[in-house]
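An overview of the molecular structure
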Amino acid sequence: MSIAADRPRSSTRSREREVDRTQVRVQRHTGQKLRTGIQAAVIAVWCLLPFYWMVVTSFRDVGFTFDPTPWFTHFTFANYETAFSTALGNHLGRALLNSVFIGITVTVIALLVGTSAAYALARLEFKGKSLIAGAILAASMFPGVALISPLFQLFTDIGWMGTYQALILPSISFVLPLTVYTLASFFREMPWDLEEAARIDGCTRIQAFRRIIMPLAAPAVFTTAILAFISSWNEYLISSQLSSDATQPVTVAIASFAGSQPHQEPYTAVMAAGTIVTIPLVILVLVFQRRIVAGLTAGGVKG
């Protein structure tokens, strides 16, 4: 009787221990999710707080520029009018068009050259391949401040100072290494069977690249195009030295803003211009975030 009575008790204790372990696992999983959520919230606030404060300040009256109130107060649209006021010398509209033109031109040229170079480095075998890849990487490591003096002298000698090409060519040199390495990693992981099958069916290497490789590489190319455009859009150092009033991009135009009050730094107008410049990029990333993530992760998985 004692043995038979002990068996149910043992079974009950086993079930209790299993329930306890399950509760511990659930509590541990809940704790991990809570910590992850808190960390994500801290990172989001850390990243978005400067942008939020910029937007708040852009709608604040000039007389209350340094008001520490963390929400919208003394609301006005005058700062946006000041940002576009040509009477004050703020040619933000022209600068926006310049930045769009320079960004699109740099992106298109970088993709045309970078796609071919990335394909050659990833899919072809030739002498000096590693040396060329190293040279591209080394070129991307030069700081922009070290290039200002030689570029200034060069463009002055050939009469390019203040022209669009003086802004486009240096930007291409900065964007091209990013384009090559991003696309090369993707091309390198693509299956060779698809290209070989196309070659067997009678396609030349160029036809196989155009008809087979490029459609599959569309996510990576799209991602690279966005990153190249953003990089060109945000460039300031070279443009501040090589541009003129007619060709200066938004980054340079904002730095030379004049306010509605003399002898006072136009912080609110600068914040308004910064909001105008930043919001299109934010919308671009939010709209195409799936394609960006797909392009960034596409080269990390072998097909």
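The name that an unreviewed UniProt entry assigns to the protein chain is Sugar ABC transporter permease, with the source organism given as Curtobacterium luteum. Regarding the protein chain, the UniProt comment filed under Sequence similarities (unreviewed entry) reads as follows: "Belongs to the binding-protein-dependent transport system permease family." Among the UniProt annotations of the protein chain, the heading Subcellular location (unreviewed entry) holds the following wording: "Cell membrane".

Here's the deal with the overall build of the protein chain
Along its length, the protein chain carries 13 helices and 0 strands. With 303 residues in all, the protein chain has 35% of them scored as buried. For the protein chain, the accessible surface area stands at approximately 18,300 Å², while carbon and sulfur atoms represent 67% of it.

Description of the UniProt feature "transmembrane region" (unreviewed entry) in the protein chain
Feature annotation in UniProt places "transmembrane region" (unreviewed entry) on residues 37-55, 100-122, 131-152, 164-187, 208-230 and 267-288, given in this structure's numbering. Secondary structure across residues 131-152 divides into 68% helix and 0% strand, with the first and last C-alpha atoms of the span separated by 29 Å.

Examining helix α12 (residues 267-287)
Residues lying three or four places apart along an α-helix face the same way, a consequence of the helix completing one turn every 3.6 residues. The terminal C-alpha atoms of α12 lie 30 Å apart, and with 21 residues this matches the ideal 30 Å at 1.5 Å per residue to within 8%. In the structure, α12 departs most strongly from a straight axis at Thr 278, where the bend amounts to approximately 25° and where the proline Pro 280 lies between one and four residues downstream. Considered for burial, the residues of α12 that qualify are Thr 268, Ala 269, Ala 272, Ala 273, Gly 274, Thr 275, Ile 276, Val 277 and Leu 281.

A look at a nonpolar patch on the surface
Taken together, the side chains of Val 45, Leu 49, Tyr 52, Trp 53, Trp 71, Phe 72, Phe 75 and Phe 77 define a hydrophobic patch exposed on the protein surface, amounting to about 850 Å² of accessible area. Take Trp 53: it is sitting in helix α1 (residues 2-58).

Digging into the nonpolar core
Formed by 21 residues in total, the largest nonpolar core has its most connected members in Leu 92, Leu 96, Trp 233, Val 250, Phe 257, Ala 273 and Val 277. The biggest single contributor to this core is α12, with 6 residues. Excluding residues that lie within four positions of it along the chain, Phe 257 makes contacts with Ala 83, Asn 90, Leu 92, Pro 266, Ala 269, Val 270 and Ala 273. Counting 15 residues, the second-largest nonpolar core is a separate cluster that includes Phe 187, Met 190, Phe 209 and Ala 225.

Considering empty space enclosed by the protein
Unfilled space is identified by rolling a water-sized probe across the atoms. One pass over the structure, following the stated rule, counts 2 cavities of 30 Å³ or more. In this structure, the second largest cavity is lined by Ser 99, Ile 102, Gly 103, Leu 167, Ser 171, Ser 232, Trp 233, Glu 235, Ser 239, Pro 249 and Thr 251. Secondary-structure elements contributing two or more residues to the lining of the second largest cavity are α3 (92-123), α6 (164-189) and α9 (218-234). In terms of residue count, α3 provides more of the lining of the second largest cavity than any other element does, 3 residues in total. Split by residue class, the lining of the second largest cavity holds 4 nonpolar, 6 polar and 1 charged.

About the thresholds
Sequence order as written defines residue numbering, which begins from 1 separately in each chain. This being a predicted model, a pLDDT of at least 70 is required before a residue's local features are given, and a value of 80 or more before pairs of side-chain atoms are given or counted; all residues contribute to the totals for chains, interfaces and linings. Values shown for side chains rest on all heavy atoms present in the structure; no hydrogens or waters enter the calculation. UniProt positions are given in the numbering used here, feature names are shortened, and annotations may be inferred rather than shown by experiment. To qualify as a helix, a DSSP run of H or I must reach at least 4 residues; to qualify as a strand, a run of E must reach at least 2; elements of each kind are numbered from the N terminus. Burial classes follow relative accessibility: with a 1.4 Å probe on protein chains only, a residue under 20% of its type's maximum area counts as buried, one over 50% as exposed, and anything between as partly exposed. The accessible surface values rely on the Shrake-Rupley method and a 1.4 Å probe; as for residues, cover is taken only from the protein chains in view. Multiplying 1.5 Å by the helix residue count minus one yields the expected span of that helix. A residue's bend is the angle separating two fitted axes: one through the seven residues that end there, the other through the seven that start there. Two distance rules govern patches: like charges are joined within 9 Å, and nonpolar side chains (Val, Leu, Ile, Met, Phe, Trp, Tyr) within 5 Å, applied only to residues with over 30% relative accessible area and no salt bridge. A side-chain nitrogen of Lys or Arg and a carboxyl oxygen of Asp or Glu constitute a salt bridge if their distance falls within 4 Å. Take the buried Ala, Val, Leu, Ile, Met, Phe, Trp, Tyr and Cys residues and link them wherever side-chain atoms come within 4.5 Å; each set so joined is a nonpolar core. A contact between two residues is defined here by any heavy atoms of the two lying within 4.5 Å. Cavity: a set of points on a 1 Å grid over the protein atoms alone where a 1.4 Å probe fits but cannot get out. Pocket: an open set with protein on both sides within 12 Å along at least five of seven lines, its lining residues, like those of a cavity, having an atom within 4 Å of a point. Grid points are joined across faces, edges and corners, and a volume is the space filled by probe spheres set on the points. When residue character is reported, Ala, Val, Leu, Ile, Met, Phe, Trp, Tyr, Cys and Pro are called nonpolar, Asp, Glu, Lys and Arg charged, and the others, Gly included, polar.

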